[in-house]
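Here's the letter readout for the chains.
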Amino acid sequence: GGPDSTVLYAIPVLTIFLSALVDISANIIVSLVVMGCVGVIFYIDLMVAPFPEVKNGAWETLFAIAWVMTMAMAVGLYTKFQSNRLLLMARQELEQRKLAQAELARVNESKDRFLAYISHEIRNPLQMIMSPLEEMKEMDAAERAVILDSYLDTMALHSETVVRLLDDVLTLFK
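The shown structure was predicted, so the numbers you read here are calculated from the model rather than taken from an experiment. (Residues numbered from 1 in each chain as written. Predicted model: local features only at pLDDT ≥ 70, side-chain atom pairs only at ≥ 80, totals over all residues. Heavy atoms only, no water.)

1. Thoughts on the overall build of the protein
For clarity, the cut-off: Starting at the N terminus, helices and strands are each numbered in turn, a helix being any DSSP run of H or I of at least four residues and a strand any DSSP run of E of at least two. For each residue, the accessible area found with a 1.4 Å probe, counting protein chains only, is set against the maximum for its type, and the residue is called buried under 20%, exposed over 50%, and partly exposed in between. Calculation of accessible area relied on Shrake-Rupley with a 1.4 Å probe; when residues are assessed, cover is drawn exclusively from the protein chains displayed.
Across its full length, the protein holds four helices and zero strands. Written out in order from the N terminus, the α and β elements of the protein read α-α-α-α. The buried share of the protein, reckoned over its 174 residues, is 24%. Carbon and sulfur atoms make up 67% of the accessible area of the protein, which totals about 12800 Å².

Written out as structure tokens, the structure is:
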């Protein structure tokens, strides 16, 4: 017991733990109550059982403990300030990520619509190329000779359409 007790020097640790566990206002109140109780213990100790072997005065020791507890409260306040700042930064980053995800979803939707449109536009001319080819496979040589020029003209026209569409797409992505 008394001002030479090492237990008293562990009291500031209480403030540090409180700053991590509870609100800063509760930390300050408890720290002030603890400092008051330590002051009362020192006062009673001086009146009832003085310790002549103690080199520092009891009030100097009490002041040192109060100073350390005050510094611990300052660390608690700084920690609270930093945690609030970091929390605000995390919220802002989360909001930015949500906006980026919404933009990405919008871009993906546009891409899907574009691909659906392009695939439709390419399939139609390809079908006009493939249909005459399928028909000519089923014909004999005499029938093919009669309609070959007409089918070749149709296939050439639609092949040019496909090439033009592909060129447009490639130009779009340059």
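2. Let's talk about the pattern of salt bridges
Keep this limit in mind: Any Lys or Arg side-chain nitrogen found within 4 Å of a carboxyl oxygen on Asp or Glu counts as a salt bridge.
Here the structure, examined in full by the defined rule, presents five salt bridges. Two residues, Arg106 and Glu103, come together in a salt bridge whose shortest N-O distance is 2.6 Å. Taken together, the residues Arg106 and Glu103, both in helix α3 (residues 58–138) and three residues apart, mark about one turn of the helix.

3. Some words on helix α4 (residues 141–172)
For clarity, the cut-off: Helix span is expected to be 1.5 Å times the residue number reduced by one. Take the seven residues that end at a residue and the seven that start at it, fit an axis to each, and the angle between those axes is the bend at that residue. A 3.5 Å cut-off defines polar contacts: any pair of N or O atoms within that distance qualifies, except that in protein one atom must be a possible hydrogen donor and the other a possible acceptor, and neighbouring residues in sequence count only when both atoms are side-chain atoms.
Over its 32 residues, α4 extends 43 Å from the first C-alpha to the last, a length consistent with the 46 Å expected when each residue adds 1.5 Å. Where α4 bends most, at Ile147, the angle is about 55 degrees. Listed in full, the buried residues belonging to α4 are Tyr151, Met155, His158, Thr161, Val162, Leu165 and Val169. Its side-chain oxygen placed 3.2 Å from the backbone nitrogen of Ala142, Asp140 serves as the N-cap of α4.

4. Remarks on the confidence of the model for the protein
Threshold: Think of pLDDT as the predictor's per-residue confidence, scored from 0 to 100.
Here the protein averages 77 in pLDDT, while 66% of its residues score no lower than 70. Between the elements of the protein, mean pLDDT differs from a low of 58, seen in helix α1 (residues 11–21), to a high of 87, seen in α4.

5. Considerations on the side chain of His158
Spelled out, the test is: Whether two residues touch is decided by their heavy atoms; if any such pair falls within 4.5 Å, the residues are in contact.
Within the element layout of this structure, His158 appears in helix α4. Under the relative-accessibility criterion, His158 is labelled buried at 18%. Contacts of His158, omitting those with residues within four sequence positions, involve Pro125, Met128 and Ile129.

6. Quick look at a nonpolar patch on the surface
In plain terms, the rule: Each patch is built from residues that are more than 30% exposed by relative accessible area and take part in no salt bridge. Like charges join if they lie within 9 Å; nonpolar side chains (Val, Leu, Ile, Met, Phe, Trp, Tyr) join within 5 Å.
Residues Trp67, Val68 and Met71 make up a contiguous nonpolar surface patch of roughly 280 Å² in combined accessible area. Structurally, Trp67 is set in helix α3.

7. Describing the environment of Glu135
Residue placement: Glu135 occurs in helix α3. Between the C-alpha atom of Glu135 and that of Tyr151, which follows or precedes it by 16 residues, the distance is 9.8 Å.

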